[in-house]
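# Examination of the molecular architecture
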Amino acid sequence: YYYLANVTTSGTKAPIDMMCHLWTSKMQYGEHEKDMIVMQHLFEVEYKNGAREELTSTLIHFGLGKYHYIPSKFTAMARTVSLPLACAIRMKLEGRINKTGVIRPVDADVYEPILEEVAKLSPAIEFKEAALKPQIWLRHEVKPGEERCALTPETAKELLDAGFRVTVEKSPTRCISIEEYEKVGCNIAEASSWPSAPYPSIILGLKELPEDGSDLIHRHILFAHCYKEQGGWKELLARFKKGGGSLYDLEFLKLNGRRVAAFGRPAGMAGMALGLWQWAMQKLGKPQIKDLSSWKSKEAMCETVRSALKEVEEKKGGLKPSALIIGALGRCGKGATWVAEQCGVTPIKWDMEETKGGGPFKALLDVDVLVNCIYLTSKIPSFLTKEMITPPGRKLSVFVDVSCDTSNPNNPFPIYNQGTTLTAPILSVGEEKAPLDVVAIDHLPSLIPLESSINYSKDLIPYIKELIEKDAFFTKPVWKDAGDLYLAKLKEAGL
């Protein structure tokens, strides 16, 4: 109402005429006011060697304010519109532009001299170019029951301090709240929004991507489970190939032949815990364990198992389980050993020395709980066969396959053919009268997600930091080797 008061409409033919009349009378610059123009272009760039980068070109220009009381000729708007045109006219008159007709200003031989000239003015009109720091994008995990994360607030802060940009997706399942990431300065995005992330972004996750068949355009870091000819491996690699993205599989990030970060220890811990717990349920005549939820700590997990074993001991005349660990000297095996000992069980430890003669091994049938902590990339004789677990008299009643590569042709335990889940963790195989309960969950560390995430992220972060360099995927040994392996697997898949 204030602006419309005392407005004359004389000579106006349309609403826009009246609006222009208002603007002219009400929006004049004050004596000490000036205008400002801000313009920014964002470029997503991919270089010939495959390196990616986000570049910005930014113009910030202020008007001169009142100058000899002729303000309109010295506003930022007036200068940035008229002076480039004036430079073009002079170039044409001086014969520096020889083209005729309608000339588009996107030709370098036209715009580069103009930009050079306006940058020499006082004050200069010029764009400042800069490269944005790499962006790490932590995605929400879609696998049911997966609560772990590859980046914690502490390690995210390390990346921010190193110059990275860090975006974290909201997640209803992650073991760490989104507010903790926000507190350290991370950008927050909606769950599963990574497909629309800028092209140069590095997408970080743990478990498999959604199986929606979409083209994958980004560089992804995750456990893809597709390098040992697992089910669907060719289809997943084809999505990367078609989209122009790249895969850096966490399982194969290695330095001097050893993985730089692994969930082996917590996987072994959880595997042994479930094995001993299920054995106790068998002896007590109780239903199989199911509908598993995470524990707050490894100590809390062990307390659950100890309680069940104590009940067996009290009700079954001091009965205790025997356990054998294959791959006992590795990270996973050491984790399994720790839990067994915390629960009062002294496990039998097998490693390369005990298995070098090749299977099958009948001795594996003489323990109550068997935990496999190895995975193989080449074919060897099976450690156990379906025929071996069929005859009566077998003592073995629980088999925990921490590696659980059910579709891997090199699996040394071809006694089952499907994985299990946190909801239904037990698969019974063998004779109905004497079943062998199999645990084959491919994300066991999710049962102690916070400790697993903290330890894994600490191990991984030094190598993520290497990605601050634009060409790190092609120059740093860990990343170059992983990239070369991806290309080799594409070839194997005929892509």
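The sections below set out a description of the structure shown in this document.

Definitions and limits used
Residues numbered from 1 in each chain as written. Predicted model: local features only at pLDDT ≥ 70, side-chain atom pairs only at ≥ 80, totals over all residues. Heavy atoms only, no water. Helix = DSSP H or I, 4+ residues; strand = E, 2+ residues; numbered from the N terminus. Rg over C-alpha atoms; globule rule 2.2 N^0.38 Å. Buried < 20%, exposed > 50% of the residue type's maximum accessible area, 1.4 Å probe, protein only. Contact = heavy atoms within 4.5 Å. Areas by Shrake-Rupley, 256 points an atom, 1.4 Å probe, with all protein chains shown as cover. Lys, Arg positive; Asp, Glu negative; His and termini not counted. Charge placed at Lys NZ, Arg CZ, Asp CG, Glu CD. Pairing = 2+ DSSP bridges. Phe/Tyr/Trp six-rings, centres within 6.5 Å; stacked < 30°, edge-to-face > 60°. Lys NZ or Arg CZ within 6 Å of the ring centre and 35° of its normal. Axes fitted to C-alpha atoms, helices over the stretch in contact; angles between N-to-C directions. Core = buried A, V, L, I, M, F, W, Y, C linked by side-chain atoms within 4.5 Å.

Secondary structure summary: the protein contains 13 helices and 17 strands in total. For 495 residues, the compact-globule formula gives about 23 Å, and the C-alpha radius of gyration of the protein, at 33 Å, lies well above that figure. With the C-alpha coordinates aligned to their principal axes, the bounding extent of the protein is approximately 105 × 55 × 40 Å. Taking all 495 residues of the protein together, 45% fall into the buried category. In the protein, the proportion of contacts linking residues at least 24 apart, taken out of those at least 6 apart, comes to 68%. Accessible surface computed for the protein: about 25700 Å², of which carbon and sulfur atoms make up 54%. Averaging the positions of the 62 positive and the 62 negative side-chain charges in the protein gives two centres separated by 1 Å.

Moving on, we get to the pairing of strand β17 (residues 436-439). Neither face of β17 is open: one carries L436 and V438, the other D437 and V439, and all of them are buried. Across 3 bridges, strand β15 (residues 398-401) lies against β17 in parallel orientation. Bridging across to β17, V400 finds its partner in V439. As paired strands, strand β16 (residues 427-429) and β17 are joined by 3 bridges and run antiparallel to one another.

With that settled, consider the packing of aromatic side chains. Going through the model one piece at a time under the given rule, you end up with 14 aromatic pairs. With centroids separated by 5.2 Å and ring planes inclined at 75°, the aromatic side chains of F361 and F383 adopt a geometry described as edge-to-face. Taken together, the residues span a long stretch of sequence, with F361 in the loop between α10 (352-355) and β14 (369-372) and F383 in the loop between β14 and β15 at a distance of 22 residues. Overall, F361 belongs to the buried group, its relative accessible area being 12%. Connected via pairs of aromatic rings, a cluster forms that spans W350, F361, F383, F399, F413 and Y416. For R52, the ring lying beneath its charged end belongs to Y199, and the centroid distance is 3.8 Å. Here K470 stacks its cationic end above the ring of Y47, 4.3 Å away from the centre of that ring.

Our focus in this paragraph is the environment of G494. Along the chain, the position of G494 falls in the segment after α13 (477-492). Taking the C-alpha atoms as reference points, G494 and G393, 101 residues apart in sequence, are found 48 Å from one another.

Attention now moves to the sheet that holds β17. Strand order across the open sheet formed by 6 strands is β13-β12-β14-β15-β17-β16, with mixed pairing between neighbours. Each edge of the sheet is formed by a strand with only one pairing partner; in this case those strands are β13 (348-350) and β16. Strand-to-strand twist across the sheet, computed as the mean angle between neighbouring axes with direction ignored, equals 20°. Running at roughly 160° to β15, helix α7 (residues 264-284) makes contact with β12 (323-326), β14, β15 and β17 of the sheet. Contacts from helix α9 (residues 331-342) reach β12, β13 and β14, with the element oriented near 165° to β12.

Let's shift gears to the nonpolar core. Formed by 43 residues in total, the largest nonpolar core has its most connected members in M272, L274 and W277. Considering every element that reaches this core, the biggest residue donor is α7, with 12 residues. Beyond its immediate chain neighbours, meaning those up to four positions away, L274 contacts I289, L292, W295, V439, I441, L444 and L447. Counting 36 residues, the second largest nonpolar core, distinct from the first, contains F263, Y463, L467 and W479.

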